[in-house]
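# Reading the structure
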Amino acid sequence: MAKRKCQECGEEVMGRYDKRFCSDQCRSAHHNRRNQDVNNFIRNINNILRKNRRILAGLNPDGKARVHRDKLLDHGFKFGYFTNEYITKAGRVYRFCYDQGYLETDNGWYTLVVRQAYVE
Ligand SMILES: [Zn+2]
């Protein structure tokens, strides 16, 4: 039988064939680290979404505005991140970062809007 190594410290693992860690300490260290990675990942995405929202809100103080893509990019806006999408019957796609939304209109221009209430 092949020798198994602890997934955390690399020591040889004794005992049941499906054991992956040499000790309880190594098992919990491994899982804690995994959780930390997931938490960091989620936190990073939340930060991007919040920053996107802040950028949109900052460029749209009156509830409606027209902004060029370059300006959004200059501020660090990340188009790949949004919280929800709203597609009108006419097929226009609004994307939102929480309450702040945008709709591409023409040649890199966007109309910014604010959603007053949460809609599924
Ligand atoms: Zn170990």
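Preceding block: the structure.
So, here is what we can say about the structure in this document. (Residues numbered from 1 in each chain as written. Predicted model: local features only at pLDDT ≥ 70, side-chain atom pairs only at ≥ 80, totals over all residues.)

### Remarks on the overall build of the protein chain
A count of helical and extended segments in the protein chain gives two helices and seven strands. Taking 14 Å as the expected radius of gyration for a compact globule of 120 residues, we find that the protein chain reaches 23 Å, considerably beyond that expectation. If one aligns the C-alpha atoms of the protein chain with their principal axes, the spans along those axes are about 65 × 30 × 30 Å. Counting across all 120 residues of the protein chain, residues that qualify as buried make up 15%. Long-range contacts, defined as pairs at least 24 residues apart, comprise 36% of the intrachain contacts of the protein chain with a sequence gap of at least 6. (Helix = DSSP H or I, 4+ residues; strand = E, 2+ residues; numbered from the N terminus. Rg over C-alpha atoms; globule rule 2.2 N^0.38 Å. Buried ≥ 20, exposed ≤ 12 C-beta atoms within 10 Å, placed from the backbone. Contact = placed C-beta atoms within 7 Å.)

### With respect to helix 1 (residues 24-59)
Spanning 36 residues, helix 1 covers 52 Å between terminal C-alpha atoms, matching the ideal 52 Å at 1.5 Å per step. Summarising burial for helix 1: three of the 36 residues are buried, a small minority. Along helix 1, the residues that are buried comprise Asn52, Ile55 and Leu56. Those residues of helix 1 hidden inside the fold are in contact with helix 2 (69-74), strand 5 (93-97), strand 6 (100-106) and strand 7 (109-114). (Expected span 1.5 Å × (residues − 1).)

### Details of the nonpolar core
Soluble, globular proteins show a tendency: their nonpolar side chains are buried together. Membership of the largest hydrophobic core is limited to 10 residues, which are Ile55, Leu56, Leu72, Phe77, Phe82, Phe96, Cys97, Tyr102, Tyr110 and Leu112. When residues of this core are traced back to their parent elements, those giving at least two are helix 1, strand 5 and strand 7. Non-local contacts of Phe77, meaning those with residues more than four positions away in its chain, are made with Asn52, Ile55 and Leu72. (Core = buried A, V, L, I, M, F, W, Y, C linked by C-beta atoms within 7 Å.)

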